Amino acid sequence: MDWFRELGRRLLMLVRRGQFDTDLDEEMRLHRELREEEQIAGGLSAKEAHYAAHRRFGNDLLLREESRDMWGWNWLENLLQDIRYGLRQLRRIPGFTTVAVLTLALGIGANTAIFTLVDAVMLKSLPVANPSQLYRLGDNNNRGIEVGTQKGGSFVLYSYPLYENLRDHTPEFRQLAAFKSNLSDLSVRRRGDSAAAEPYKGEYVSGNYFTMFGIRAFAGRLLAPPDDSSGAPRVAVMAYHTWQQHFGLDPSLIGSSFNINGIPFTIAGVTPPGFYGDTLRSDPPDFWLPLAASPDRWMFRAEFNWLYLIGRLRSDVAPERVQARLTVELQQWLNTHPEVIPEHDRGDIPKQHVHLTNAPRGVELMQTDYATGLRLLVTLSGLVLLIACANIANLLLARTAADRPQTALRLALGAPRERLIWQKLTESILLALAGGAAGLYVAYAGSRTILLLAFRGAHYIPISPRPSLPVLGFAVLLSLITGVVFGVAPAWIGSRSDPGDALRGATRSTTDRSSMVQKPPAILQVAFSIVLLIGAGLVTQSLSNLESQHFGFVTEGRLIVDINPSLAGYTADKLPALYQRLEDALPRIPGVLSASLSWYSPLGGNNANTRVYIEGKPPDYRDVAPSWDRVGPHYFETIGTRLLRGRLIDERDTPASQRVAVINETFARTFFPSEDPIGQHFGIGDVGHSGDFEIVGIVEDAKYQDTRGPAYATFFLPLLQTPPGGSLAGWVGAIELYVAGKPESLEPSVRKTLAGIDPNLTILSVQSFAEQVSENFNQERLIARLTELFGLLALILACVGLYGVTSYSVARRTNEIGIRMALGADRRSVLGLVLRGALAQVVAGLAIGIPLALVGGRLLSSELYSVKPYNAVNLSLAVLILAASALVAGLIPARRATKVDPMVALRHE
Amino acid sequence: MHQDEIPPGTLYLLILKALARHGELHGYEIANWIEHVSDEVLQVEEGSLYPALQRMLIRGWVKAKWGVTAGNRRARYYRLTPLGRKQLEVEVSQFERVVAAITRAIQTA
């Protein structure tokens with residue numbers, strides 16, 4: 001306890017520092033006065049007594065300092081003094097301070113903004129209890145419905161009966177929950193509201209989903225296992241952000257009744273704020289519904305795998321043992337359920353396994369999608385910060401040189417070198433902290449922009465742009481490191497100045513040491529800038545290639561409307577009539593040139609694929625199953641896909657007529673390498689159906705799923721023709737409109753027309769085809785825009801740096817220039833002299849930067865779309881931009897040099 | 001008159017002893033007492049009392065309080081704390097051990 005009391009006394013002293021000094025002063029003065037009086041009484045003269053008393057007392061100043069040192073606070077005193085001094089210095093030169101703080105704010109802000117994204121996406125766990133105990137069954141993000149074996153033998157999607165089996169036979173899980181791998185579109189209307197139903201996102205989850213995550217309701221209650229049985233009253237849970245944004249936190253909503261997809265549900269409660277479910281994504285679920293409430297009853301059969309599984313593991317079990325056990329359970333189950341794996345794949349059952357992955361972040365969808373992009377952005381923003389640091393170091397070095405006479409004077413007067421170094425360091429750390437504070441503002445604004453760019457088209461993003469505690473810590477740490485990094489060299493160099501040198505007034509010089517040390521930062525800036533500029537050129541070119549590629553359809557003048565008739569209660573028998581009414585009414589909307597319906601539209605995030613059986617050929621199970629879509633008449637004309645041979649799907653293709661199919665080029669090449677596909681037959685389901693569809697036409701390849709790779713082999717079936725025995729009824733999901741003029745401007749009349757056909761038909765979204773395609777490039781666009789921004793930033797910083805170095809050297813060499821001009825040098829040669837110095841640095845920077853950029857380009861090449869990393873045009877353009885900017889930055893001070901008046905210059909000192 | 005500097009480390013001991021004898025003293029009185037009791041053989045560089053007193057304040061051996069001298073002047077008076085009293089015993093026995101050892105060393109010669 002003694003040290004604790006001692007600390008208390010020390011702290012007390014710190015608080016009463018002023019009192020302490022006066023007390024000590026008074027005490028010592030009294031001592032000397034009493035001694036003096038004693039001496040006088042002993043017979044000494046007043047003067048002698050005074051000196052004697054002082055002699056006996058010792059060095060008053062030293063003793064006082066020693067007394068104060070005893071308390072151990074002098075480091076703090078020194079620091080405070082340095083800070084006060086530093087602040088005074090910075091205030092003295094507002095121009096320098098502003099430029100430095102702004103430069104740092106941009107550098108630190110850019111990094112903090114990127115770190116906000118990294119923190120939110122890559123580091124933060126789900127906002128649930130003990131997220132580290134969560135484990136997911138599966139290691140990839142395959143979604144939808146899988147039948148048979150799964151990719152690489154790793155089970156990711158599970159059927160409902162398989163889930164029940166694993167849940168009930170794996171006691172190592174405290175809870176094992178299941179949820180549908182895709183969110184579902186919901187059509188929601190509060191009962192009693194007169195307004196039309198609105199589209200929302202819903203997720204079907206098992207009854208123990210919230211118990212497994214260990215979260216409590218914000219209001220009301222969450223789902224419980226009894227809610228997830230077919231006979232239970234229908235209840236749903238609402239997300240807090242939905243409650244807030246759409247229902248104004250109305251408390252009467254809990255326990256009230258909602259129509260969801262036409263079925264009455266009671267809202268049991270609201271999830272806590274910040275909870276976004278099992279997957280970080282834009283537009284997370286607005287509602288959670290029990291699996292038992294899922295309308296697709298057929299999906300609960302053992303052969304359909306559509307559920308993701310996440311469980312909370314007991315703390316006393318080893319995940320590897322559980323993983324082995326799950327694999328055994330899976331294989332046993334597959335062996336005892338012959339309907340799950342088709343005959344020809346049963347040999348693969350021993351290869352099927354469960355990979356148990358630790359899932360503190362839930363399903364890592366964005367983490368996987370954004371990993372490469374974020375790494376790139378971290379590197380780029382790091383480069384920007386380095387450039388900013390170099391810039392500040394440069395500015396500080398110039399100042400150090402300017403301060404040399406003063407520093408020399410202080411050294412001559414006996415100031416310790418390390419104290420001078422500390423003082424300079426304090427100054428740069430102060431600058432960095434100020435820059436960091438300003439950088440937090442930049443980061444906040446930057447994060448918002450980045451989120452909007454990254455999630456273009458999203459209604460709600462579960463990531464806050466506000467800096468979190470780790471982000472704040474990151475910014476402060478980054479500022480401190482930055483301060484030390486750019487402060488050390490100038491501080492050290494400053495303290496090296498020779499007292500004698502400066503006192504002699506040796507400031508006349510042609511070249512001096514400080515400009516030698518100033519050049520490396522400027523050269524590095526040029527080098528990093530050219531790397532960023534070349535990189536920006538590559539990714540921009542890549543994005544532009546992606547966006548302007550030949551997709552196999554035309555985006556201009558097209559509007560896509562997503563609907564889901566099943567949500568409005570349509571059943572298969574009522575669909576033909578609905579299609580008829582849509583096909584009649586839509587083309588009559590003024591401005592619509594043609595209209596069509598389809599199951600799904602290209603690059604809208606949907607895909608369906610199924611194995612095909614070609615008539616007259618043995619089934620080949622190794623082939624990739626081709627994609628397929630169902631389309632109405634005029635579909636290909638409306639989206640602008642060209643017919644190559646045969647005919648398109650049209651009004652002739654009714655339920656009663658011959659079943660037909662249109663295939664794309666890749667389908668033709670894959671399945672009919674040597675014969676004419678037109679007139680051939682194929683089918684789906686099994687070999688017995690191979691005569692179902694007659695191929696009547698071939699269309700050009702179009703990209704429906706992947707924008708980078710080649711188009712998938714695809715076949716198209718008429719909307720009205722159902723495959724025999726096919727259970728996946730062909731719901732229409734998208735309306736395509738080819739319009740004259742701006743597509744978005746037609747939205748009101750389209751909505752009106754659809755409401756006229758059926759007011760209950762919920763419109764999920766209306767957007768131009770171009771926008772739909774564009775959202776596929778959100779990540780590429782984010783990277784391209786940020787790289788351009790960083791490139792621009794780097795260019796500006798490098799130019800400021802060059803300008804600084806050049807104008808500083810002009811100022812230093814005023815004498816020399818004056819002498820040269822007096823001796824007959826003309827303005828041109830002076831201009832050349834100064835510019836040559838600046839350009840030499842640019843050339844040196846390019847010599848370092850271009851090889852670096854080429855290496856970087858090679859590392860980047862997997863991210864680039866039809867852009868070669870060694871791209872002469874891009875490279876020359878970047879060099880040209882940099883050289884031109886550098887020329888301007890050098891020209892301003894160079895012109896100033898030519899205006900030097902020889903007479904003034906010679907007198908200048 | 002010949003004056004010796006006090007051996008290093010014994011300043012604390014002397015201050016503690018002075019306060020133990022007289023209860024409350026200010027700095028000047030402590031310096032005088034040390035000189036006086038040592039028959040003016042021991043003399044401190046008077047100022048060095050003050051850093052030592054600071055150290056003792058930190059350690060909690062002494063307490064300080066402002067008071068008034070006989071000549072009616074403001075002075076800071078130091079007083080032993082219970083901790084200081086214990087420290088005096090420690091310092092005394094330590095000093096005696098050292099002296100005994102040195103004495104033995106000298107005599108065996």
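**Student:** Would you mind showing me how to read the overall build of chain A here?
**Tutor:** On a plain count of helices and strands, chain A comes out with 26 helices and 22 strands. For chain A, whose C-alpha radius of gyration is 38 Å, the value lies well above the compact-globule estimate of 29 Å for 909 residues. Projecting the C-alpha coordinates of chain A onto the three principal axes gives extents of approximately 135 × 80 × 55 Å. The buried share of chain A, taken over its 909 residues, is 43%. For chain A, the proportion of contacts with a sequence separation of at least 24, taken over those separated by at least 6, is 83%.

**Student:** Sorry, what's going on with the interface of chain A and chain B here?
**Tutor:** Interface size, as often reported, equals the accessible area lost upon joining of the parts. Taken together, the contact pairs 22 residues of chain A with 17 residues of chain B. No other element matches helix α2 (residues 17–41) of chain A, which puts nine residues into the side of chain A that touches chain B. Counted by class, the side of chain A that touches chain B contains eight nonpolar, three polar and 11 charged residues.

**Student:** Would you mind showing me how to read the sheet that holds strand β4 (residues 62–68) of chain B here?
**Tutor:** Within a beta sheet, neighbouring strands are joined by backbone hydrogen bonds and run either parallel or antiparallel to one another. Residues and elements named next belong to chain B. Overall, antiparallel pairing links the three strands, which are arranged β2-β5-β4 in an open sheet. Looking at which strands have only one partner, the edges of the open sheet turn out to be β2 (24–26) and β4. Each adjacent strand pair in this sheet contributes to an overall mean axis angle of 40°, direction not counted. Sheet topology places β2 next to strand β5 (residues 74–80); three bridges connect them, and they run antiparallel. Across the sheet, the residue bridging to Glu 24 is Arg 79, located in β5.

**Student:** For this particular structure, what's the right way to read the confidence of the model for chain B?
**Tutor:** Predicted coordinates in regions of low pLDDT should not be interpreted in detail. Model confidence for chain B is summarised by a mean pLDDT of 85, while 89% of its residues fall at 70 or above. Put simply, strand β1 (residues 4–5) of chain B is where chain B has its lowest mean pLDDT, 64, and β5(B) is where it has its highest, 92.

**Student:** Any chance you could explain the domain arrangement of chain A here in plain terms?
**Tutor:** Looking at chain A, the domain boundaries give domain 1 (2–72), domain 2 (74–124 + 369–507), domain 3 (131–360), domain 4 (510–546 + 774–909) and domain 5 (565–761). One C-alpha centre belongs to domain 2 of chain A, the other to domain 5 of chain A, and the line joining them spans 59 Å.

**Student:** Looking at this model, I keep getting lost on the nonpolar core. Mind explaining?
**Tutor:** Most often, soluble globular proteins have nonpolar side chains that are buried together. Residue and element names in this part refer to chain A. Counting residues in hydrophobic clusters, the biggest one holds 107 residues, and the most contacted among them are Val 384, Ile 387, Ile 392, Ile 530 and Ala 794. Ranked by residue count, the leading element in this core is helix α11 (residues 365–402), at 20 residues. Each residue touching Ile 392, except ones within four places of it in the same chain, is listed here: Ala 100, Thr 103, Leu 104, Leu 431 and Phe 486. Judged by nonpolar contacts, the second largest core, of 64 residues, contains Leu 134, Tyr 163, Leu 309 and Val 354.

**Student:** I'm lost on helix α4 (residues 60–70) of chain A in this one. Help?
**Tutor:** Three or four residues apart is the spacing at which side chains of an α-helix point the same way, because the helix has 3.6 residues per turn. Residues of α4(A) that are buried: Leu63(A), Ser67(A) and Met70(A). Viewed end-on, α4(A) has its buried residues packed into an arc of 55°, placing them on one side of the element. Set apart from the buried face of α4(A) by more than 90 degrees, the exposed residues are Leu61(A) and Leu62(A). Buried positions along α4(A) lie against α2 of chain A together with α3 (49–59) of chain B. The first or second residue beyond α4(A) is Gly72(A), which carries a positive phi of 75°.

**Student:** It is not clear to me how unusual backbone geometry should be interpreted in this structure. Could you clarify?
**Tutor:** Across residues other than glycine, the phi torsion is negative in most instances, and most of the peptide bonds are trans. Even without being glycine, Asp283(A) reaches a positive phi, approximately 50°. Here Asp283(A) is to be found in the loop between β8 (263–270) and β9 (287–290). A positive phi angle, near 60°, is found at Asn72(B), a position not held by glycine. Mapped onto the elements of the fold, Asn72(B) is located in the loop between β4 and β5. Look at Asn72(B) and you get exposed, because 6 C-beta atoms sit within 10 Å.

**Student:** What is the right way to read the packing of helix α7 (residues 160–169) of chain A against helix α10 (residues 319–336) of chain A from this model?
**Tutor:** A pair of packed helices can be characterised by two numbers: the angle between their axes and the separation between those axes. Residue and element names in this part refer to chain A. The interhelical angle for the contact between α7 and α10, taken along N-to-C directions, is 140°, at an axis separation of 11 Å. When the axis of α7 is compared with that of α10, the two are oblique. Considering the relative orientation of α7 and α10, their crossing is right-handed. On α10, the residues touching Leu 162, Asn 165, Leu 166 and His 169 of α7 are Leu 326, Glu 329 and Trp 333.

Cut-offs applied
Residues numbered from 1 in each chain as written. Chains lettered and ligands numbered in written order. Predicted model: local features only at pLDDT ≥ 70, side-chain atom pairs only at ≥ 80, totals over all residues. Helix = DSSP H or I, 4+ residues; strand = E, 2+ residues; numbered from the N terminus. Rg over C-alpha atoms; globule rule 2.2 N^0.38 Å. Buried ≥ 20, exposed ≤ 12 C-beta atoms within 10 Å, placed from the backbone. Contact = placed C-beta atoms within 7 Å. Nonpolar A, V, L, I, M, F, W, Y, C, P; charged D, E, K, R; others polar. Pairing = 2+ DSSP bridges. Axes fitted to C-alpha atoms, helices over the stretch in contact; angles between N-to-C directions. pLDDT = per-residue confidence, 0-100. Domains from an automatic or database assignment. Core = buried A, V, L, I, M, F, W, Y, C linked by C-beta atoms within 7 Å. Arc of directions from axis to C-beta. Parallel < 35°, antiparallel > 145°, perpendicular 65-115°, else oblique. Left-handed = near helix turned anticlockwise from the far one by under 90°.

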